Amino acid sequence: MKTVRYVFPVLALLILGIWIGTSLKNNDIPAPIDEYPSATVLNVPVPLPSFSLTDHNGIEFTQWGLSRKWTFMFFGYTFCPDVCPMALVDLNYIYGNLIEKGDLVEEKFGVGTQVVFISVDPGRDTVNNLKEYIAHFNENFIAATGKPDVIDSLTRPIGVAYRLVPGKDPENNYYIDHSASFLLIDPLGRLRAYFSPPHKPAQIAEDFRKLRNKYTEECCRTSIRFNYIKLGDDEEEEEKNNEK
Amino acid sequence: MKSEYRHLTLAVLSVILCLSNVSAEDLILVHEAWMLEAPTNARVIAGYMTIENKSSRSRRLIGVSGQDFERIEIHQTEMQGDIMRMVPMEELEIPAGSAVSLEPGSYHLMLISPRSVPKEGEAVNLELQFDSGYTMHIKLIVRAVHRGKTMKHFH
Ligand SMILES: [Cu+2]
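Residues numbered from 1 in each chain as written. Chains lettered and ligands numbered in written order. Predicted model: local features only at pLDDT ≥ 70, side-chain atom pairs only at ≥ 80, totals over all residues. Heavy atoms only, no water.

Engineer: Would you take a moment to explain helix α4 (residues 148-155) of chain A for this structure?
Structural biologist: Since the α-helix packs 3.6 residues into each turn, any two residues three or four apart lie on the same face. Every buried residue of α4 of chain A is accounted for by Val150, Ile151, Leu154 and Thr155 of chain A. When α4 of chain A is viewed along its axis, its buried side chains cluster within an angular range of 130 degrees and face the same direction. (Buried < 20%, exposed > 50% of the residue type's maximum accessible area, 1.4 Å probe, protein only. Helix = DSSP H or I, 4+ residues; strand = E, 2+ residues; numbered from the N terminus. Arc of directions from axis to C-beta.)

Right, dumping it as structure tokens:
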């Protein structure tokens, strides 16, 4: 008799519970599918400032070197033993994956892909150092560096941070903490996405293809010109370049 | 009767001594010791391995040396947001019955100022010093960067 008395309320509660449960489930917003698992994509791309660096062959490397190419850009230094070599091995994997599948150059607009390593340690990374270093990982990669204020003017607007840290070693007396993300620069010289560590190169290659499919056209077909944040006295030069 | 006991005691004693020798030396194992083939002008190279402590006591790696390098430090790469920091460590603890991996983006040996940069397939000799007083001799194998085509990822 006692048990029967409890059956109804218990049953009622159970039904209520199931009802609440299912209604919550129905109202659930479907979880967004992560379209690019390895990448953070900017809704509004950030134009890189104008800059003048020197590449591993001693030739000037400027923002125009980013025009009509997709660029993987990575900031580091050659005295970096762990993070930078592994990052360059990963970038080499990505580059190799594109070559292997025959799409290093995008088909529709003929836009190529390049890898640019920028040293934030101009004090120790000379042109010769950079040449030998970068060729070890991939002979097609570009390495560049420049004056500290030029490097800072480039890194600051795109959120790349680095700082010198004293080491224990008296000979090489500092290390550099630095951002380890790969930046993806579009063919108009704008930061479009970045790949944060830990890097999964196969996934990055896949996501890069998707990003390229989606965004190459707007860079090549529209009237948007290759543009960048103007820094004072470059304006004349920019006009000259745009006239070409 | 007396001498028999003495023999037995000696036997037991020698077994115990033997065991303690084993525990001092053989209960630390090093697997997969490697380094990435570095550019010929590299001034620092990272060394990786897994150190396993099969003993019942915690062990600490307190120093590393190698004739091919000016000095060797124990480091940890730490991620703060997307910033990679390298933090020198005085020692590395290998807890009893467990293994610690030195791998890219984590703990590593920092091999400073190589006398010459070793090539793929070569090996470099290192000595690991533990707090127990035990020095272990190991070989680090040099692995290549595979250029231009898909390669095995080390993670
Ligand atoms: Cu280190």
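Engineer: Is there a simple way to explain the confidence of the model for chain B in this structure?
Structural biologist: Detailed conclusions should not be drawn from predicted coordinates in areas where pLDDT is low. All names here are of chain B. Looking at chain B as a whole, its pLDDT mean stands at 82, while 76% of the residues score no less than 70. Ignoring residues within four places in sequence, the model shows residues 10-23, a span with pLDDT below 50, making three contacts including any to other chains. Note that residues 147-155 has pLDDT below 50 and, in this model, 27 contacts with residues that lie over four places away or in other chains. Both scores are available for the predicted complex, with the pTM at 0.78 and the ipTM at 0.76. (pLDDT = per-residue confidence, 0-100. Contact = heavy atoms within 4.5 Å.)

Engineer: What exactly am I supposed to notice about the packing of aromatic side chains here?
Structural biologist: Here a ring pair, both rings aromatic, is described through the centre-centre distance and the interplanar angle of the planes. Residue and element names in this part refer to chain A. Counted under the stated rule, the structure contains eleven aromatic pairs over all chains. Seen from their ring centres, Tyr95 and Phe141 are 5.4 Å apart, and the 80 degrees between their planes marks the pair as edge-to-face. Note that Tyr95 is positioned in helix α2 (residues 83-100) and Phe141 in the loop between α3 (127-137) and β6 (142-145), a separation of 46 residues in sequence. In this structure, Tyr95 and Phe141 share a single accessibility class: buried. (Phe/Tyr/Trp six-rings, centres within 6.5 Å; stacked < 30°, edge-to-face > 60°.)

Engineer: Can you walk me through the coordination of the copper ion in this structure?
Structural biologist: In an ideal octahedron of six donors the angles at the metal are 90 or 180 degrees, and in an ideal tetrahedron of four donors they are 109.5 degrees. Residue and element names in this part refer to chain B. On the protein side, the copper ion has His75 (ND1), Met86 (SD), His108 (NE2) and Met110 (SD) as donor atoms, found 2.1 to 2.7 Å from it. For the copper ion, the four donor atoms in the first shell make angles of 93 to 122 degrees at the metal, a pattern classed as tetrahedral. Of note, the copper ion draws all its donor residues from one chain, in the sequence arrangement H-x10-M-x21-H-x1-M. One end of the pair, His75, is in strand β4 (residues 69-80); the other, His108, is in strand β8 (residues 107-114), with 33 residues separating them in the sequence. There is no split in this pair, since His75 and His108 are both buried. (Donors = N, O, S within 2.8 Å, 3.2 Å for Na, K, Ca; no water. Tetrahedral: all angles 85-135°; square planar, octahedral: opposite > 155°, others 65-115°.)

Engineer: Help me out: how do you make sense of the pattern of salt bridges in this one?
Structural biologist: Once their charged atoms are close, side chains differing in charge can pair, the charge on each being opposite to the other. Inspection of the entire model under this criterion finds 16 salt bridges over all chains. When the shortest N-O distance is used, the salt bridge between Asp152 of chain A and Arg156 of chain A registers 4.0 Å. The partner of Asp186 of chain A in a salt bridge is Arg190 of chain A, with the nearest N and O atoms 2.8 Å apart. When salt bridges that share partners are traced, they join Arg163 and Asp177 of chain A together with Glu78 and Arg85 of chain B into one network. (Salt bridge = Lys/Arg side-chain N within 4 Å of Asp/Glu carboxyl O.)

Engineer: What exactly am I supposed to notice about the sheet that holds strand β2 (residues 52-55) of chain A here?
Structural biologist: All names here are of chain A. Strand order in this open sheet of eight strands is β1-β10-β9-β4-β5-β6-β2-β3, and the pairing throughout is mixed. The strands lining the two open edges of the sheet, one partner per strand, are β1 (39-47) and β3 (60-62). Pairwise comparison of adjacent strand axes, ignoring direction, gives a mean angle of 35 degrees for this sheet. Where β1 meets strand β10 (residues 190-195), five bridges bridge the pair, whose relative direction is antiparallel. (Pairing = 2+ DSSP bridges. Axes fitted to C-alpha atoms, helices over the stretch in contact; angles between N-to-C directions.)

Engineer: Mind showing me how you'd approach the interface of chain B and chain A here?
Structural biologist: Accessible area lost when the parts come together is the quantity often used to give the size of an interface. Tallying the contact residues gives 43 residues for chain B and 40 residues for chain A. Taken together, the two surfaces of chain B and chain A that pack against each other cover about 3,400 Å², and 56% of this comes from carbon and sulfur. At the junction of chain B and chain A, the tally comes to one salt bridge. Across the pair Asp177 of chain A and Arg85 of chain B runs a salt bridge, and its minimum N-O distance is 3.5 Å. Run the count over chain B and chain A and you get ten residue pairs in polar contact (both at pLDDT 80 or more). Mapped onto the side of chain B that touches chain A, the elements with two or more residues apiece are β1 (28-36), β2 (44-53), β4, β5 (83-89) and β8 of chain B. (Buried area = accessible area lost by both parts, 1.4 Å probe. Polar contact = N/O pair within 3.5 Å; in protein donor to acceptor, adjacent residues only side chain to side chain.)

Engineer: What am I meant to see in the nonpolar core here?
Structural biologist: Generally speaking, nonpolar side chains in soluble globular proteins are found buried as a group. By size, the foremost hydrophobic cluster in this structure holds 74 residues, and its most contacted members are Leu48, Phe72, Phe75, Leu91, Ile94 and Phe182 of chain A. The leading source of residues in this core is α2 of chain A, at eleven residues. Here Phe182 of chain A is in contact with Phe72, Met73, Phe74, Ala87, Asp90, Leu91, Ile94, Ala193, Tyr194, Phe195, His199 and Ile204 of chain A, once residues within four sequence places are set aside. With 30 residues, the next largest nonpolar core counts Ile28, Ala42, Leu109 and Met136 of chain B among its residues. (Core = buried A, V, L, I, M, F, W, Y, C linked by side-chain atoms within 4.5 Å.)

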